[in-house]
Amino acid sequence: MTNTPTLSDPHHAVDVMRRRPVLVAGAGVAGRGVIAMLKALDAQQVTVADDHSDLAHVTVEEAIAKVKDGQFDLVITSPGWAPTSPLLVAAADRGVPIIGDIEAAWLTDRAEAFGPARTWAAITGTNGKTTTTAMLTAMCVADGRAAMAVGNIGVSPALALTAELRGEPRADILVAEVSSFQLHWAPTFTPEVGCVLNIAEDHLDWHGDFAGYAADKARVLRADYPVFSLDDAHVMSFYEPHRVANALGFTAGDLRQVVTSFDSEVAADAVPAAGDNMNRTSGTGVAARDGATSFDRGYAGLRRVVGVSGDNIVMWERGHDTSHGTEPSASERELAPVAGISPPGPAGIADASAAAAMACAIGVSPAAIAQALSTFRVQAHRGQVVYQHDGVTWVDNSKATNPHAAVGALRGQRNVIWVAGGQLKGASVVELIEETKDGIKALVALGVDRQKFADEMRAQAPETPVTLVDTTDPDKAMEEVVRACADYAESGDTVVLAPAAASLDMYTGMAQRGDLFAQYAVQVELR
């Protein structure tokens, strides 16, 4: 974390934005939202620094000189600007507060500069953020709430605050997909409910190391209702009460803990297994596989847990009354059926469970949760079913651009013809294949690192057939991939594009890769 002063008082922060010289670093989507918000605040001294935008007043080099001369009292940075950026280093050396777009919007909203403060629900994680954010927004809307998805999905939160000034409806709930970059520059951001879905190695060049990356993700756990994932050891490492208290700035006795997980093996009688520690706090939670043993491991403070029992996502709630020397009971409430959740499979259920827990935390009704999940359809390339024919389902998860994401896409499934490959960028596929090989019927690999997938699969599961597509033409390669998959596929199988690798060795991006997969799935099957 860059060591710069913070603007912890919202009213003071807004006064600085309005009356003091402010530098906006970057004029991309986030920067433009901040600029619009500052204009709506009637800010008097705003300078925009960017080398590639007609909104800029100065170049980055010129801005560095002005910062060193002490010409700014606040820097609001776009999330992509790393702490090592010369402009931000200069500001830190000068003792100028540096905040990001999330923090700027949060402080402005807390000061009620644009009407009564909104309810914030923040979601982060290495994978699954966009789907969970969209699910939670749909749940809130189904409950009759004025909710809007903001951040990396939807609009800039700074722009959302000024909606009424443009004649647009006000959002009372902001469901924010927030990146580790945004959280790094959000030193006081404290949403009502915050969720860390999972943490795997990513963006280490930006954060310096894994510890820094994970710590920035964990900032959403300052929320009134923090949502943890029982299935992710890195996330649960922040659950330790003393560690949470020391790192995030509140006392362990005041925590209102929320735990999220998925899978189908949580028994209702797992809740009482936590013992009297459950009675110290209040909160909403989510749980799932291995839930009972997770409670037994001593996660003090868990009271409400959401997970999967049988065919439903349910919430268990531990009672408080121990005055008569008896164990408090646990009630169970069904929230939504598992059937029909999009995307199908454990990853979709995990996202739905997390969204349901967050919805419960802010008072969304079970009926609204069920209604939203019954009609929700995942965005393209995130586990979308793109074709079904002769009992074979074709799933586009091109967004699974790293091994961790691919584990989520494949884990718990059976009879999968797996399409993988692309640019691994040094990542290992050993653990990925260890965790998923039992469900893989065949592997079809393409792209620059296709041989690494083939070698590891043959080493761990030599009986699993492997087809390598050597063609580098993007269209021809995907057509060959789909033909190979069609040759393997039988009724009851699922063909899953979950590359576990980046796409730029052959494609313009993961979207083109997924679109061609869907296109050829239909064309090849229809011939």
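Note that this is a predicted model, so its numbers are computed, not measured.

A. Quick look at the nonpolar core. If you look at the biggest cluster of nonpolar residues, it comprises 45 residues, and the most contacted ones within it are M17, M37, L38, L74, I76 and F189. At five residues, the largest contribution of residues to this core is made by helix 5 (residues 101-110). Each of domain 1 (10-102) and domain 2 (118-266 + 299-320 + 328-375) gives at least three residues to this core. Grouped together as the second largest cluster of nonpolar side chains are 43 residues, I123, A356, A357 and A361 included.

B. View of the sheet that holds strand 2 (residues 46-49). Pairing within the open sheet is parallel, and its four strands lie in the order 2-1-3-4. Edge strands, defined here as strands with exactly one partner in the open sheet, are strand 2 and strand 4 (98-100). Taking the axes of each pair of neighbouring strands and ignoring which way they run, one obtains an average angle of 25° across the sheet. Where strand 1 (residues 22-25) lies against strand 3 (residues 74-77), four bridges are found, and the strand directions are parallel. Residue pairing in the sheet places A25 in a bridge with T77 of strand 3.

C. Region of interest: the side chain of T494. Looking at the element boundaries, T494 is found in strand 19 (residues 494-497). Residue contacts for T494: discarding those within four places in its chain leaves T393, V395, Q413, N415, V416 and I417.

D. Region of interest: the packing of aromatic side chains. By the definition in use, this model includes five aromatic pairs. Ring geometry for W394 and F517: centres 5.9 Å apart, planes at 50°, overall tilted. Placement of W394 in strand 15 (residues 392-396) and of F517 in helix 20 (residues 510-526) is noted, with a sequence separation of 123 residues between them. According to the relative accessible area criterion, W394 is buried, its value standing at 0%. Centre to centre, the rings of W418 and F453 are 5.9 Å apart; their planes meet at 80°, and the pair counts as edge-to-face. With W418 in strand 16 (residues 416-420) and F453 in helix 18 (residues 450-460), this pair connects stretches of sequence that are 35 residues apart. Here W418 and F453 have matching classes, each one buried. An aromatic cluster of three or more residues is present, and its members are W106, W120 and F189.

E. Molecular detail of the side chain of D50. Tracing the backbone through its elements, the reader meets D50 in the loop between strand 2 and helix 3 (60-68). As a buried residue without a salt bridge, D50 has its nearest oppositely charged side chain in R32, at a separation of 7.6 Å. One polar contact links the side chain of D50 to the main-chain amide nitrogen of A27, over a distance of 2.8 Å. At a separation of 2.6 Å, a polar atom in the side chain of D50 contacts the main-chain amide nitrogen of H52.

F. Representation of helix 3 within the structure. Every buried residue belonging to helix 3 is among V60, A63, I64 and V67, and all of these are buried. Looking straight down helix 3, one finds that the buried residues subtend no more than 105° of arc, so they occupy a single side. Lining the buried residues of helix 3 we find strand 1, strand 2 and helix 4 (86-94). Following helix 3 by one or two positions, G70 has its phi on the positive side, about 75°.

G. Expanded view of unusual backbone geometry. The omega torsion of the bond from S342 to P343 falls at 5°, within 30 degrees of zero and hence cis. Within the fold, P343 resides in the loop between strand 13 (330-337) and helix 14 (346-361). In the Ramachandran plot, E112 falls in the positive-phi region, its phi being about 55° despite a non-glycine side chain. Phi at K425 takes a positive value of approximately 55°, unusual for a residue other than glycine. By the secondary structure assignment, K425 is in the loop between strand 16 and helix 17 (430-436). Here K425 falls in the exposed class, since its relative accessible area comes to 69%.

H. Spatial organisation of the sheet that holds strand 18 (residues 466-468). Taken in spatial order, the six strands of this open sheet run 14-15-19-16-17-18, and their pairing is mixed. Pairing within the sheet leaves two strands with one partner each, and these edge strands are strand 14 (384-389) and strand 18. Neighbouring strand axes in the sheet, compared pairwise and without regard to direction, differ in orientation by 15° on average. Of the strand pairs in this sheet, strand 16 and strand 17 (residues 440-445) are connected by five bridges, and their pairing is parallel. What sits directly across from I417, in strand 17, is A442.

I. Local environment of the pattern of salt bridges. Tallying each qualifying case throughout the model produces 13 salt bridges. Here R110 and E192 are joined by a salt bridge, their closest N and O atoms 3.4 Å apart. Remark: E192 occurs in the loop between helix 8 (180-184) and strand 8 (193-196) and R110 occurs in helix 5; sequence separation between them is 82 residues. By relative accessible area, R110 is classed as partly exposed at 21%. Of the charged contacts, one joins K441 and D493 as a salt bridge, the two residues approaching to 2.6 Å between their closest N and O atoms.

J. Up close: helix 14. Along its 16 residues, helix 14 runs 22 Å from first to last C-alpha, staying within 8% of the 22 Å computed at 1.5 Å per residue. When you tally the buried positions in helix 14, you get 15 out of 16 residues, the bulk of the element. Trailing helix 14 by a residue or two, G363 shows a phi angle of about 85°, which is positive.

K. Local environment of the environment of G95. Structurally, G95 is set in the loop between helix 4 and strand 4. With relative accessibility at 35%, the residue G95 sits in the partly exposed group.

Parameters and conventions
- Think of each chain on its own: its residues are numbered from 1, step by step along the sequence as written.
- Only residues with pLDDT of 70 or above have their local features reported here, since the model is predicted, and side-chain atom pairs are shown and tallied only from 80 upward, although totals for entire chains, interfaces and linings are computed over all residues.
- To get the side-chain values, all heavy atoms of the structure are used, and hydrogens and water are removed first.
- Joining through side-chain atoms within 4.5 Å is the link that ties buried Ala, Val, Leu, Ile, Met, Phe, Trp, Tyr and Cys residues into a set, and such a set is a nonpolar core.
- Burial classes: relative accessible area under 20% of the type maximum marks a residue as buried, over 50% as exposed, and values in between as partly exposed (1.4 Å probe, protein chains only).
- Runs of E in the DSSP output that reach at least two residues are strands. Runs of H or I that reach at least four are helices, and both are numbered from the N terminus.
- The start and end points of each domain follow an automatic or database-based domain assignment.
- Should DSSP find at least two bridges between two strands, the strands are taken to pair.
- Fitted lines through C-alpha atoms give the axes, limited to the stretch in contact for helices. The angle between two N-to-C directions lies from 0 to 180 degrees.
- Should any heavy atoms of two residues lie within 4.5 Å, those residues are considered in contact.
- The criterion for an aromatic pair is that two Phe, Tyr or Trp rings (for Trp, the six-membered ring) have centres within 6.5 Å, with stacked assigned to planes under 30 degrees apart, edge-to-face to planes over 60 apart and tilted to the rest.
- Only four residue types enter the tally: Lys and Arg on the positive side, Asp and Glu on the negative side, with His and both chain ends excluded.
- A pair is scored as a salt bridge if a Lys or Arg side-chain nitrogen falls within 4 Å of a carboxyl oxygen belonging to Asp or Glu.
- As used in this structure description, the phrase polar contact means that two N or O atoms lie within 3.5 Å; if the pair is within protein, one of them must be able to donate a hydrogen and the other to accept it, and residues adjacent in sequence are counted only when both atoms belong to side chains.
- Taken from the helix axis, the directions to the C-beta atoms give the arc we talk about.
- Expected span, for any helix, means 1.5 Å times one less than how many residues it has.

All we've got here are geometric facts, nothing functional implied.
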